[in-house]
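What the coordinates show
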Amino acid sequence: MTAETQTEIAAECLGLKVPASPFLNETRIRRINAARYEGQEIAGALDVVGADDVVLEIGAGIGVVGGVIALNARPRAVHAFEANPALIPTIERLYRANGLTDRIGVRNVVLMSAPDRPDTVPFHVRSSYLGSSLIDRDGRAREVVQVPTADFAETCAALSPTVLVMDIEGGELDLLRHADLSPFRAIVIEFHPEAYGVEGMRECKTILRQAGFVRVDETSTRTVWTCVKGD
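Within any chain, residue numbers begin from 1 and follow the written order of that chain's sequence. Given that this is a predicted model, residues contribute local features only at a pLDDT of at least 70 and side-chain atom pairs are listed and counted only at 80 or more, while totals for whole chains, interfaces and linings are drawn from all residues. To obtain the side-chain values, all non-hydrogen atoms of the structure were used and water was disregarded.

Concerning helix α6 (residues 152-159)
Three or more residues of α6 are buried, namely Phe152, Thr155 and Cys156. Projected down its long axis, α6 carries its buried residues within an arc of 100 degrees, all on one side. Facing away from the buried side of α6 by more than 90 degrees, the exposed set consists of Glu154, Ala157 and Ala158. Whether two residues touch is decided by their heavy atoms; if any such pair falls within 4.5 Å, the residues are in contact. In this description a helix means any DSSP run of H or I spanning at least four residues, a strand means any run of E spanning at least two, and both kinds are numbered starting from the N terminus. Of the surrounding elements, those touching the buried residues of α6 are β3 (54-58), β4 (77-81), β6 (110-112), β8 (143-151) and α7 (172-178). Where α6 begins, the capping side chain belongs to Asp151, and its oxygen is found 3.1 Å from the backbone nitrogen of Ala153. Where α6 ends, the next residue or the one after it, Ser160, has phi of about 55 degrees, a positive value. Each residue gets one of three labels from its accessible area relative to the maximum for its type: buried under 20%, exposed over 50%, partly exposed in between, using a 1.4 Å probe on protein chains only. In this description, the arc belongs to the directions extending from the helix axis to the C-beta atoms. N or O atoms within 3.5 Å of each other form a polar contact, as long as, within protein, one can give a hydrogen and the other can take it, and as long as residues adjacent in sequence are counted only when both atoms are side-chain atoms.

Written out as structure tokens, the structure is:
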């Protein structure tokens, strides 16, 4: 009996089977089936990721975005990182259900680029995993867990990624401020101005431009950018 036949499948996105889990509700299932769940990120990633790429995904969520990339773009590897420890079994179940474990894996680690990186950082878990974050904006976290960290530059040196896909609920500004983006030829990133304001979002975009990235208008919006290294 295969992993797929042992697992109840609740939704499907661009061929990716999404197992049932406590993190799915009817609305989310409908959005996944319609390829509208994180649809802008998925469209951008599928536009830029190719078979020769190694993808670094920071903020795996329930695994759908990275899974769709691994299944459809078929890069050499997808290395996913997710801060919320409660999501890791769900993510791994999705990878197994789709036979992707040889191409994609996930680690419960927070990547940090700042020079004063602590060994662990507090992660604020909210009722909805979509609102859980390193940043406790309104004091509504129902639980705070300590998550191990790893150095962003050292991770890039070890994995040799070529495409960065990042959705980390506001943590992107601090990471971009200290990150060396030279390993990447393309970046797909969601901004969260509710966490750091419009000025913070502008700073993120300025950092990307100064690093030589050009926005791909066809697959970008105000808060989700697909960008590629310019000539």
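Section: unusual backbone geometry
Look at Leu14: it is not a glycine, yet its phi comes out positive at around 50 degrees. When you line up the elements, Leu14 lands in the loop between β1 (9-13) and β2 (16-19). Despite not being glycine, Arg74 shows a phi value in the positive range, around 50 degrees. Turning to its location among the elements, Arg74 is positioned in the loop between α4 (64-73) and β4.

Observations concerning the side chain of Glu190
Tracing the sequence through the fold places Glu190 in strand β10 (residues 186-190). None of His or the chain ends enter the tally, which takes Lys and Arg as positive and Asp and Glu as negative. The term salt bridge refers to a side-chain nitrogen of Lys or Arg lying within 4 Å of a carboxyl oxygen of Asp or Glu. It is Arg31 that comes nearest to the buried, bridge-free Glu190 among opposite-charge side chains, at 9.4 Å. In this structure, Glu190 is in contact with Glu38, Glu41, Met166, Asp167, Glu172, Thr223 and Val224, ignoring residues within four places of it in sequence.

Structural notes on the sheet that holds strand β5 (residues 104-107)
Read from one edge of the open sheet, 7 strands run β5-β4-β3-β9-β10-β12-β11, paired in mixed fashion. Where the open sheet ends on each side, the last strands, each with one partner, are β5 and β11 (213-215). Put simply, the sheet's adjacent strands are angled 20 degrees from each other on average, direction ignored. Pairing between two strands requires that DSSP report at least two bridges joining them. In terms of strand pairing, β11 meets strand β12 (residues 224-229) through 3 bridges, oriented antiparallel. Within β12, the position partnered with Phe213 by the bridge is Lys229. Packing of helix α5 (residues 88-97) onto the sheet brings it into contact with β3, β4 and β5, and relative to β5 it is tilted by some 175 degrees. Here, axes are lines fitted to C-alpha atoms. For helices the fit covers the stretch in contact, and angles between N-to-C directions go from 0 to 180 degrees.

Comments concerning the pairing of strand β9 (residues 163-166)
Neither face of β9 is left uncovered, since the one carrying Val163 and Val165 and the one carrying Leu164 and Met166 both have all their residues buried. Note: β3 against β9, 4 bridges, orientation parallel. The residue bridging Ile58 from the neighbouring strand is Met166, located in β9. The sheet contact formed by β9 and β10 spans 4 bridges and is parallel. Within β10, the position partnered with Met166 by the bridge is Ile189. Clockwise travel from the first strand over the helix to the second, with the strands pointing away from the viewer, marks a crossover as right-handed. At this point the chain moves from β9, through α7, to the parallel β10, and the crossover so formed is right-handed.

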